[in-house]
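Examining the three-dimensional arrangement
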Amino acid sequence: MRPAIRLAGPADRPAVVALDAACFPKDAWSETSWADEFTRPDRRVLVADEGALAGYAVLLVPPATDDPVDLLRIAVDPAHRRTGIGRQLLTAALAAHPDRTVLLEVAAGNEAAIALYRAFGFEEISRRSNYYAGGEDAVIMRRQEKDHD
Ligand SMILES: CC(C)(COP(=O)(O)OP(=O)(O)OC[C@H]1O[C@@H](n2cnc3c(N)ncnc32)[C@H](O)[C@@H]1OP(=O)(O)O)[C@@H](O)C(=O)NCCC(=O)NCCS
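The following refers to the structure shown. These numbers come from a predicted model, not from an experiment. (Residues numbered from 1 in each chain as written. Predicted model: local features only at pLDDT ≥ 70, side-chain atom pairs only at ≥ 80, totals over all residues. Heavy atoms only, no water.)

On to the packing of aromatic side chains, then. Within this structure, the stated rule accounts for five aromatic pairs. Joined through ring pairs, the aromatic side chains of W29, W34, F38 and Y56 make up one cluster. (Phe/Tyr/Trp six-rings, centres within 6.5 Å; stacked < 30°, edge-to-face > 60°.)

Here it is in structure tokens:
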């Protein structure tokens with residue numbers, strides 16, 4: 001069954017916090033950060049819902065439409081990976097903001113995420129050396145509206 005992608009509501013928060021901790025053991029966001037993500041007016045939290053939570057994505061959507069949207073987080077339950085849920089979440093996230101440039105930052109060694117982003121037309125625009133704990137570089141990627149259909 002393909003999950004439904006929808007905007008998260010307050011009732012989704014505990015499951016999102018738990019899945020974030022499972023997906024990002026070294027840099028999960030705190031309860032306080034998640035409380036912010038669920039309430040700030042410039043944030044959009046999407047969930048992949050198949051009865052249980054299968055994945056989520058968080059966007060920062062500045063009110064000024066000339067400013068780029070930031071994809072802050074996307075993750076899929078390890079038990080459900082490589083079944084198209086990441087693609088579904090990203091499709092929904094981008095479809096909600098078709099005329100905006102989208103930026104994101106990803107660890108240089110995160111091959112799964114980089115492959116997903118490239119498949120959606122994101123391109124590397126810069127790097128930050130030694131950005132992550134452990135010395136890994138951050139890759140900044142951008143998807144411009146004019147770069148794709
Ligand atoms: C990145 C992530 C969200 C992808 O989610 P997913 O549901 O497994 O991805 P999908 O099944 O939709 O894959 C879509 C495409 O992405 C690419 N991809 C996904 N996982 C991949 C992997 N492990 N290796 C290579 N390419 C991969 C492929 O192009 C894939 O298409 P294909 O299956 O037809 O080849 C998932 O691996 C994840 O949650 N990782 C941990 C969290 C994370 O690092 N998030 C990104 C930083 S915020």
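Further notes follow.
Once that is clear, we can look at the nonpolar core. In terms of nonpolar packing, the biggest core is built from 25 residues, with L71, L89, V106, Y117, F122 and M141 touching the most fellow members. Listing elements by their share of this core, those giving two or more residues are β2 (43–50), β3 (52–60), β4 (69–76), α3 (85–95), β5 (102–107), α4 (111–119) and β7 (138–143). Looking at this core, the element that brings in the most residues is α3, giving five residues. Both domains that furnish three or more residues to this core are identified here as domain 1 (1–98) and domain 2 (101–149). In this structure, F122 is in contact with L94, V102, L104, Y117, M141, R142 and R143, ignoring residues within four places of it in sequence. Counting 13 residues, the second-largest nonpolar core is a separate cluster that includes V16, F24, F38 and V45. (Core = buried A, V, L, I, M, F, W, Y, C linked by side-chain atoms within 4.5 Å. Buried < 20%, exposed > 50% of the residue type's maximum accessible area, 1.4 Å probe, protein only. Helix = DSSP H or I, 4+ residues; strand = E, 2+ residues; numbered from the N terminus. Domains from an automatic or database assignment. Contact = heavy atoms within 4.5 Å.)

Turning our attention to the site of the ligand. Residues in contact with the ligand amount to 18 residues; listed here are only the nearest, I74, R82, G86, R87 and N110. R81 has a polar side-chain atom sitting 3.3 Å from an oxygen atom of the ligand. G84 places a polar main-chain atom, nitrogen or oxygen, 2.8 Å from an oxygen atom of the ligand. Against a free-state accessible area of 910 Å², the protein chains account for coverage of 75% of the ligand. Counting only elements with at least two residues in the shell around the ligand, the list comes to β4, α3 and α4. Examining the composition of the shell around the ligand, we find that five residues originate from one element, α4, more than from any other. When grouped by side-chain class, the residues that make up the shell around the ligand number 10 nonpolar, four polar and four charged. (Near = heavy atom within 4 Å. Polar contact = N/O pair within 3.5 Å; in protein donor to acceptor, adjacent residues only side chain to side chain. Areas by Shrake-Rupley, 256 points an atom, 1.4 Å probe, with all protein chains shown as cover. Nonpolar A, V, L, I, M, F, W, Y, C, P; charged D, E, K, R; others polar.)

So far we have only geometry, and geometry alone does not tell us how the molecule works.
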